[in-house]
Each structure stands twice: as C-alpha cells, then as structure tokens.
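# Architecture and fold: a report
If you want the building blocks of each chain, they are given just below.
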Amino acid sequence: MKKTLLILPGLFLILSSFLIQGGIDDVIDAMKAGNASGVSKYFDNYVDITMPEKSSNYSKSQGELILKDFFANNGVKSFEVKHKGNNDSGDYCIGTLQTKNGNFRATIYMRMKGNKQVIQDVRIQTL
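Report follows, based on the coordinates. (Residues numbered from 1 in each chain as written. Predicted model: local features only at pLDDT ≥ 70, side-chain atom pairs only at ≥ 80, totals over all residues. Heavy atoms only, no water.)

The secondary structure content of the protein chain amounts to 3 helices and 6 strands. Going from the N terminus to the C terminus, the protein chain shows its helices and strands as α-α-β-β-α-β-β-β-β. Within the protein chain, the fraction of its 127 residues that count as buried is 39%. Of all intrachain contacts in the protein chain linking residues separated by at least 6 positions in sequence, the fraction that spans at least 24 positions is 42%. When the accessible surface of the protein chain is summed, it comes to about 7700 Å², and 54% of that surface belongs to carbon and sulfur atoms. (Helix = DSSP H or I, 4+ residues; strand = E, 2+ residues; numbered from the N terminus. Buried < 20%, exposed > 50% of the residue type's maximum accessible area, 1.4 Å probe, protein only. Contact = heavy atoms within 4.5 Å. Areas by Shrake-Rupley, 256 points an atom, 1.4 Å probe, with all protein chains shown as cover.)

Moving on, we come to the nonpolar core. One broad trend across soluble globular proteins is that nonpolar side chains are buried collectively. Met31, Leu97, Ile119 and Ile124 are the most contacted members of the largest nonpolar core, which totals 28 residues. Mapped onto this core, the elements with two or more residues apiece are helix H1 (2-33), helix H2 (36-40), strand S1 (43-50), helix H3 (60-74), strand S3 (76-87), strand S4 (90-99), strand S5 (102-113) and strand S6 (116-126). The leading source of residues in this core is H1, at 5 residues. (Core = buried A, V, L, I, M, F, W, Y, C linked by side-chain atoms within 4.5 Å.)

Bringing the sheet that holds S1 into the picture now. Ordered in space as S2-S1-S6-S5-S4-S3, the 6 strands form an open sheet in which the pairing is mixed. The sheet terminates laterally at strand S2 (55-59) and S3, the two strands that pair on one side only. Adjacent strand axes in the sheet meet at a mean angle of 20°, parallel and antiparallel pairs treated alike. Judged from the 10 bridges that link them, S3 and S4 form a sheet pairing that is antiparallel. (Pairing = 2+ DSSP bridges. Axes fitted to C-alpha atoms, helices over the stretch in contact; angles between N-to-C directions.)

This brings us to the pattern of salt bridges. Throughout the structure, instances matching the rule amount to 5 salt bridges. Here Lys84 and Asp25 are joined by a salt bridge, their closest N and O atoms 2.5 Å apart. Of this pair, Lys84 sits in strand S3 while Asp25 sits in helix H1, and the two are 59 residues apart along the sequence. A relative accessible area of 28% means that Asp25 is categorised as partly exposed. Linked by salt bridges that have partners in common, Asp44, Arg111 and Lys113 make up one network. (Salt bridge = Lys/Arg side-chain N within 4 Å of Asp/Glu carboxyl O.)

Looking at the secondary structure, you find Asp44 in strand S1. Among the residues examined, Asp44 registers a relative accessible area of 7% and is labelled buried. Of note is the side chain of Asp44, whose polar atom sits 2.7 Å from the side chain of Lys113. In terms of polar contacts, Asp44 uses its side chain to reach the side chain of Gln120, at 2.6 Å. When residues no more than four places from it in sequence are discounted, the contact partners of Asp44 are Lys60, Arg111, Lys113, Val118, Ile119 and Gln120. (Polar contact = N/O pair within 3.5 Å; in protein donor to acceptor, adjacent residues only side chain to side chain.)

This next bit is on the packing of aromatic side chains. The description of two aromatic rings rests on the distance between their centres and on the angle between their planes. Under the defined criterion, the tally for this structure stands at 2 aromatic pairs. Measuring from centroid to centroid gives 5.2 Å for Phe70 and Phe104, while their planes differ by 75°, and the two rings are edge-to-face. Taken as a pair, Phe70 in helix H3 and Phe104 in strand S5 lie far apart in primary sequence, 34 residues in all. (Phe/Tyr/Trp six-rings, centres within 6.5 Å; stacked < 30°, edge-to-face > 60°.)

See the structure below:
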C-alpha cells in the first residue's frame, strides 16, 4: 500500500507532462489541416495575430475568424515544422505553411496559463 502511494505522485507528474506537451502538437496538427477552430481552441482570451495584411491584438473569437478567413482564402495544403522547442515561458513552433497561393512562414508562441497552454502570438509572414 505504501509503495502505491509513493508511485502515484510520480505517475501523475509523468502523465501531466504528456498532457501539457499535447497543446503544441495539437496546434501543429490543426495547422496542417487548415483547421482554424482547432488552432483557436488554444487561443488565450486575447491573441496577437500578424499576417501580411493584418496585424493586431484580437479577442479569441475575432482571432478565430481572422485565421479561418486566411485559411479559406489561401487554401492550406500542409504545414511543415522547421523547429519546435520550449523555453522558460512556454512552447513555440516555427514552420512553413504551404497554401495554394504560396508558402508562408508561420510562428506560434504558447505559454502556460494556470494549468493549460494558451497561444499568445501567431505570426504568418510571406516567404
């Protein structure tokens, strides 16, 4: 019984690390599919979005519409991760968003807020 009580906290920490890491991986999968709602479910209450023709701080719902519009107008083919990592403040991903209208460099920054990861910044730049 005592061994079980000692193992449970360790198991919890290990499983928690997998759950936390799922955030950036889920966002990458959503980017590959051009799924704006899949990306936006990780948006913080307000998110900085920078695109070739738009750049501002948007509410979660506005940000989803901006991203959905961009995906619809450009026809996402895929998203190829070039670099993924983390630092003290959170996770980030840099990749190439391949669309029918050309390729874009996409950068996504996430941070921990409470017990979940949220997207703070999305940058999509023309290559």
